[in-house]
Amino acid sequence: MGTTVRPGRIAVHIALVLYTILALGPILLILINAFKTRRAIFADPLGLPNGQTWTTIGFDRVFANSDFGLYFFNSLTVTVVSLVLIVLIGAMAAWALTEYKFPGNTLIGLYLAIGIMVPIRLGSVSILRMMVELNLVNTLTALILVYVAQGLPLAILILGEFIQQIPKDLRDAARCDGVSEYRIFASIILPLISPAIATVAVFTMVPVWNDLWFPLILAPGDGKQTITLGVQQFIGQYVTDWNAVLASLTLAIAPVLVLYLLFSRYLVRGLTAGAVK
Amino acid sequence: MTDLTASQIHSADAVPARSRFPVHIAVFLAPALAIYTLFSIYPLIDTIRLSLYTGDETGARSFVGLQNFQTLLSDSNWSGQFWNAFRNNLIFFLIHMVVQNGIGLGLAMLLSLPRLTGGSVYRTLIFLPTMLSVVIIGFIWQLILNPLWGIAPSLLKAVGLGSLFGPWLGQESTALLTVSLISVWQFVGIPMMLIYAALLNIPDDLLDAATVDGAGPFSVFWFVRLPLILPTLGVVSILTFVANFNAFDLIYAIKGALAGPNFSTDILGTFFYRTFFGFQLQVGSPTMGAAVATAMLIIILLGVLIYLFGVQRRLQRHTF
Amino acid sequence: MADVSLHGVAKSFGATEILRDINLSVEDGEFVVFVGPSGCGKSTLLRIIAGLETVSGGEIRIGSRRVNELPPADRKIAMVFQSYALYPHMNVYKNMAFGLKFAKTNKAEVDRRVRQAAEILKLTPLLDRKPRELSGGQRQRVAIGRAIVRNPSVFLFDEPLSNLDAALRVNTRLEIAKLHRDLGATMIYVTHDQVEAMTLASKIVVMNHGRIEQVGAPLELYRHPRNLFVAGFIGSPRMNFIKGQVLRLEGSNATIGFAGTEAIVNVRSGSLAAGDPVTVGIRPEHMEEGGAEATSLRGTIDAVEQLGESSYVYMRLASGDDVIVRAPGETDATPGGSYTAHVPPRALHVFDAAGVSVLAGRGEESDG
């Protein structure tokens, strides 16, 4: 039928373009106004910055009055370390659960499934108590531990389904050669699951990078703020300084935007592939 | 004699093989189970335990049974706030179900049209807001809707709807709806992607067969595509439910912990935060906080159980 | 009347031409099979007749009506898909009744037709089952049943047997043939399997690269392939092709030299000149062991396959050509030995440099 409905196609594109504008407009609005003078922000909010209106004063103020570089570094550390741990530890567990039949296998699977449905946030009262006792409040370690615990269940599910698709012959061939189970995992399974990492990344990295709750509770000060919390605190202080507010938002958006546009193909594919299951 | 030795050797060989502890399995599982149990399951259980205690200024705790819940549901200082937050949360959820999942379904339908040019570009761009932090999104919309800046009113004026504008985030009557729609705007990409993937999974032959059978585009959607994506719509609904009853960041970023004006945007997440950490004159209470968290846990578990046993079982997954 | 005719039908996706200048007429009640290698455009042509694809040019008529602009449902056709395309969420009954819902048929009539079709296809006990509870063969019958209830003028089949195992395929083939006899409807059937084409068709359309190579009755195509492609496509094992040359030409009698031997064949006048290169074709089943005297091929045996009822001898000629001989019954030939095959001149096919058959009295007749 496809090609018979040409006029309908134009309407479809109009609808999609309009929605795309609605989805991107607000973000673009912030980005273009971040580089304009205060007067231009109010006089002509939709205009692009030009020779007369261009300024980076907002960014200067952000860098002068806050530790943006540090926040960014904190976020990066927490996200990357969490992701690496989730993938590694998750792959080990997924491998054990899909490869070996042992009593309790299903039970452990169900036990892990709780974490997919029940948000770990609801345990915050105890988590905070525990972190106080462990002397981990205001450390990135506290955040990493919580995020790894939060990300593991779904990662194990996704990686398990992926490991199942790796031909069994490959492992059996290695076993016939007398390779140990640890070596099989490290040198056959780990390299082969790299395509699944994109999927795991969508589901674990993004929520970790963007989270406000746990940074607010577990590491709200001492220069351990993540970028999300840092922006939140900064804007709370400088509400009326439009240049600084817009600049800080732009600084928070830009890295995600660049990374997303670079890797969107993998991320989107990972999301739809994960959804098919 | 020879028979005996043979069987002895056999059994001697078999017993250790069976009882040998599979060390490698334990090694593979231990790190995941340890971290997950310690920082996810234990805190949840401990929170439930804490909800049965009360603490005084000295930090001493005493067991009070279900008294915290009684306070939460019937004490005039608490129950009004709790039910208000619950009701708002329900509205928040219903708006997501109708608007977010409705638009997501519509976009997915358009994107799954055969031989659509630029489909992946639309998909990528529409999904973009989902990748940003809720906090950032909250601030962006706060600026746009700010009457001081005047972007929203002037845009509305341009399309002839200028009179509609009001300080939507500041009015008690519109704040919750506005906050909900901002969240819808951000997360529309998720149902869109999930439904899109489900629609792609339906073989073209099936749609062709329906066309040959005389079904028009609407009938194809209603009688063939919709029934086949029902399981995905179920997954989308439960994901929306869990996410909405666990939401916090957006309200906190836009309206602060007090979820104003006059608690009109207060949902369970912000209520939990205030109870736990305190606000203004009220002192925070870990045990009451635990009780609120436990109540949220029960609500979410109820939703999940209704889905698992009431909905999911009736939705046959189709393999093609 | 439900004849189907195509006039100058063309189809392209962007710059890629899928079909060009297709002209074909299918008589009422005929069983026409489109056959060709994958990617030859046969399925696209079927989908164009169904109305699932538009044409880039040309006209389609069904029963004297121009149908180019009609949606599939109004073309009085029904289609059976390769994947069966059964609605997985509906039971067998609903699958068959689905199309009638849109034809505004009343309930009693729907019920009557569904039960009648179920009776014909032995599906009555399965009416309440969902497709996933059926075997491949049963699904196939439901797909056919769904077509029957629509009471179409033209049945369209898109490789309907390719998902069945070999035994079931033969059975279903026979059932489809019987269905055609019983219903007397026009059927158009797409397959890449030449055995299905030979056994089912009253008329075969051989397609290649988006063009019709030849149209004709099955045996006509077997006996008188118009070109190298049809000659190679119809018949199993494939026809042997050997390079040759026109040695002498006396009137319409050409002496062709090939693989160290020669034969006189009657060619169309003016089609060849002395010295022209040609391709000689001989079907494996048309050669016999021995016969050194007349036209014969001599070579070394590479391999022998004994099937009991016949044997295939694979040999390499001194000229370097590989030739298969199908000998009836068993053979004493063994690999490494030498083998001589007699070639009856009447069984020879000769094609010119462009691959077109030059034999007299052939080729022109099927131009219709």
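Keep in mind that what you see is a predicted model, and the values were worked out from it rather than measured.

## Some words on the overall build of chain C
Next, step 1: For chain C, the count of helices and strands is eight helices and 20 strands.
Next, step 2: With respect to the principal axes defined by its C-alpha atoms, chain C has extents near 75 × 45 × 35 Å.
Next, step 3: The buried share of chain C, taken over its 368 residues, is 42%.
Next, step 4: When contacts within chain C are restricted to residue pairs at least 6 apart in sequence, long-range pairs at least 24 apart make up 66% of them.

## Examining the overall build of chain A
Next, step 1: On a plain count of helices and strands, chain A comes out with 13 helices and zero strands.
Next, step 2: Start at the N end of chain A and walk to the C end: the helices and strands fall as α-α-α-α-α-α-α-α-α-α-α-α-α.
Next, step 3: Whereas a compact globule of 277 residues would reach a radius of gyration of roughly 19 Å, chain A reaches 24 Å, over 25% beyond that.
Next, step 4: For chain A, with 277 residues in total, the buried portion stands at 44%.
Next, step 5: When contacts within chain A are restricted to residue pairs at least 6 apart in sequence, those whose partners lie at least 24 apart make up 76%.

## A few points about the nonpolar core
Next, step 1: Core analysis: the largest hydrophobic core is formed by 274 residues, its most contacted members being Val-146 and Leu-159 of chain A together with Leu-156 and Ile-188 of chain C.
Next, step 2: By residue number, the principal contributor to this core is helix H7 (residues 140-164) of chain A, which donates 18 residues.
Next, step 3: Aside from chain neighbours lying at most four places away, what touches Leu-159 of chain A is Gly-90, Ala-91, Ala-94, Ile-193, Ala-196 and Val-200 of chain A.

## Some details on the interface of chain B and chain A
Next, step 1: Taken together, the contact pairs 63 residues of chain B with 67 residues of chain A.
Next, step 2: For the side of chain B that touches chain A, the leading source of residues is helix H2 (residues 23-50) of chain B, giving 16 residues.
Next, step 3: Grouping the amino acids of the side of chain B that touches chain A by side-chain chemistry returns 50 nonpolar, nine polar and four charged.

## Things to note about the confidence of the model for chain C
The predicted coordinates of low-pLDDT regions are not to be read in fine detail.
Residue and element names in this part refer to chain C.
Next, step 1: With 97% of its residues at a pLDDT of at least 70, chain C reaches an overall mean of 90.
Next, step 2: Across residues 363-368, where pLDDT falls below 50, the model places eight contacts with residues more than four positions away in sequence or in other chains.
Next, step 3: Interface scoring of the predicted complex returns ipTM 0.86; its pTM is 0.84.

## A look at the pairing of strand S6 (residues 77-80) of chain C
Residue and element names in this part refer to chain C.
Next, step 1: Alternating positions in S6 separate into two faces, Ile-77 and Met-79 on one and Ala-78 and Val-80 on the other, with burial throughout.
Next, step 2: Note: S6 against strand S7 (residues 154-158), four bridges, orientation parallel. If you follow Ala-78 over to S7, its bridge partner there is Phe-155.

## Considerations on the sheet that holds strand S8 (residues 186-191) of chain C
All names here are of chain C.
Next, step 1: Here six strands make up an open sheet; going across it, the order is S6-S7-S8-S3-S9-S10 and the pairing mixed. The sheet terminates laterally at S6 and strand S10 (211-216), the two strands that pair on one side only. Between one strand and the next, the sheet's axes are offset by a mean angle of 20°, whatever the strand orientation.

## A look at the packing of H7 of chain A against H2 of chain B
Next, step 1: Close contact between H7 of chain A and H2 of chain B brings their axes to 8 Å; oriented N to C, the two are set at 120°. On the basis of their axis angle, the class for H7 of chain A and H2 of chain B is oblique. In the packing of H7 of chain A onto H2 of chain B, the handedness of the crossing is left-handed. Of H2 of chain B, the residues touching H7 of chain A (which contributes Leu-145, Val-146, Val-148, Ala-149, Gln-150, Leu-152, Pro-153 and Ile-156 of chain A) are Ala-32, Ile-35, Tyr-36, Phe-39 and Ser-40 of chain B.
Next, step 2: Here the residues of the contact of H7 of chain A with H2 of chain B sort into 11 nonpolar, two polar and no charged.

## Overview of the packing of helix H13 (residues 268-277) of chain B against helix H14 (residues 286-311) of chain B
Residue and element names in this part refer to chain B.
Next, step 1: Their axes nearest at 7 Å, the elements H13 and H14 cross at an angle of 160°. As judged from the angle between their axes, H13 and H14 are roughly antiparallel. Read as a crossing pair, H13 and H14 show a hand that is left-handed. Contacts between H13 and H14 involve Leu-268, Phe-271, Phe-272, Thr-275 and Phe-276 from the first element and Pro-286, Met-288, Gly-289, Val-292, Ala-293 and Met-296 from the second.

## Considerations on the sheet that holds strand S4 (residues 57-62) of chain C
Residues and elements named next belong to chain C.
Next, step 1: Spatially, the four strands line up as an open sheet ordered S2-S1-S4-S5, and their pairing is antiparallel. Two strands lie at the open edges of the sheet, namely strand S2 (16-26) and strand S5 (65-66), each paired on one side alone.
Next, step 2: Strand direction decides the pairing type here: strand S1 (residues 4-13) and S4, joined by five bridges, are antiparallel. Within S4, the position partnered with His-7 by the bridge is Glu-59.

## A closer look at the pairing of strand S19 (residues 338-342) of chain C
All names here are of chain C.
Next, step 1: Burial along S19 is one-sided: the face carrying Tyr-339 and Ala-341 is buried and the face carrying Ser-338, Thr-340 and His-342 is not.
Next, step 2: Where strand S15 (residues 288-289) lies against S19, two bridges are found, and the strand directions are antiparallel. In the sheet register, Glu-289 faces S19, and the bridge partner there is Ala-341.
Next, step 3: In the sheet, strand S16 (residues 296-306) pairs with S19 via five bridges, with the strands oriented antiparallel. In the strand pairing of S19, Arg-298 is matched with Thr-340.

## With respect to the environment of Ile-204 of chain C
Residue and element names in this part refer to chain C.
Next, step 1: Mapped onto the secondary structure, Ile-204 falls in strand S9 (residues 203-208).
Next, step 2: Separated by 202 residues in sequence, Ile-204 and Ala-2 have C-alpha atoms that sit 18 Å apart.
Next, step 3: With residues near it in sequence (within four places) discarded, Ile-204 still touches Val-33, Val-35, Ala-197, Gly-216, Pro-218 and Leu-221.

## Thoughts on the environment of Gly-329 of chain C
Next, step 1: Turning to its location among the elements, Gly-329 of chain C is positioned in the loop between strand S18 (322-328) and S19.
Next, step 2: In sequence terms Gly-329 of chain C and Tyr-312 of chain C are 17 residues apart; their C-alpha atoms lie 9.8 Å from each other.

## Quick word on helix H6 (residues 124-133) of chain A
Side chains of residues three or four places apart in an α-helix project in the same direction, reflecting 3.6 residues per turn.
Next, step 1: For H6 of chain A, the set of buried residues is Ser-124, Val-125, Ser-126, Ile-127, Leu-128 and Met-131 of chain A.
Next, step 2: For H6 of chain A, the secondary structure elements touched by its buried residues are H7 and helix H11 (213-218) of chain A together with H2, H13 and H14 of chain B.
Next, step 3: Two residues or fewer past H6 of chain A, Asn-135 of chain A is found with a positive phi of approximately 60°.

## A word on unusual backbone geometry
Residue and element names in this part refer to chain C.
Next, step 1: Pro-237 follows Ser-236 through a cis peptide bond whose omega is -5°.
Next, step 2: Not every positive phi belongs to a glycine, and Lys-104 is a case in point at roughly 55°.
Next, step 3: Given 7 C-beta atoms within 10 Å, Lys-104 falls into the exposed group.
Next, step 4: A positive phi angle, close to 50°, is found at Asn-151, a residue other than glycine.
Next, step 5: Position of Asn-151 relative to the elements: it lies in the loop between helix H4 (136-149) and S7.

## Some remarks on the confidence of the model for chain A
Next, step 1: Per-residue confidence for chain A gives a mean pLDDT of 86; residues scoring 70 or more make up 94%.
Next, step 2: Confidence drops under a pLDDT of 50 for residues 1-5 of chain A, and excluding neighbours within four residues, the segment shows six contacts in the predicted structure.

## Remarks on the environment of Gln-186 of chain B
Residue and element names in this part refer to chain B.
Next, step 1: Along the chain, the position of Gln-186 falls in helix H8 (residues 175-187).
Next, step 2: Remark: the alpha-carbon pair of Gln-186 and Pro-129, spanning 57 residues in sequence, is separated by 5.2 Å.
Next, step 3: Apart from the residues lying within four places of it in its own chain, the contact partners of Gln-186 are Pro-129, Thr-130, Val-134 and Ile-137.

Reading the values: rules and limits
- Residues numbered from 1 in each chain as written.
- Chains lettered and ligands numbered in written order.
- Predicted model: local features only at pLDDT ≥ 70, side-chain atom pairs only at ≥ 80, totals over all residues.
- Helix = DSSP H or I, 4+ residues; strand = E, 2+ residues; numbered from the N terminus.
- Buried ≥ 20, exposed ≤ 12 C-beta atoms within 10 Å, placed from the backbone.
- Contact = placed C-beta atoms within 7 Å.
- Rg over C-alpha atoms; globule rule 2.2 N^0.38 Å.
- Core = buried A, V, L, I, M, F, W, Y, C linked by C-beta atoms within 7 Å.
- Nonpolar A, V, L, I, M, F, W, Y, C, P; charged D, E, K, R; others polar.
- pLDDT = per-residue confidence, 0-100.
- Pairing = 2+ DSSP bridges.
- Axes fitted to C-alpha atoms, helices over the stretch in contact; angles between N-to-C directions.
- Parallel < 35°, antiparallel > 145°, perpendicular 65-115°, else oblique.
- Left-handed = near helix turned anticlockwise from the far one by under 90°.

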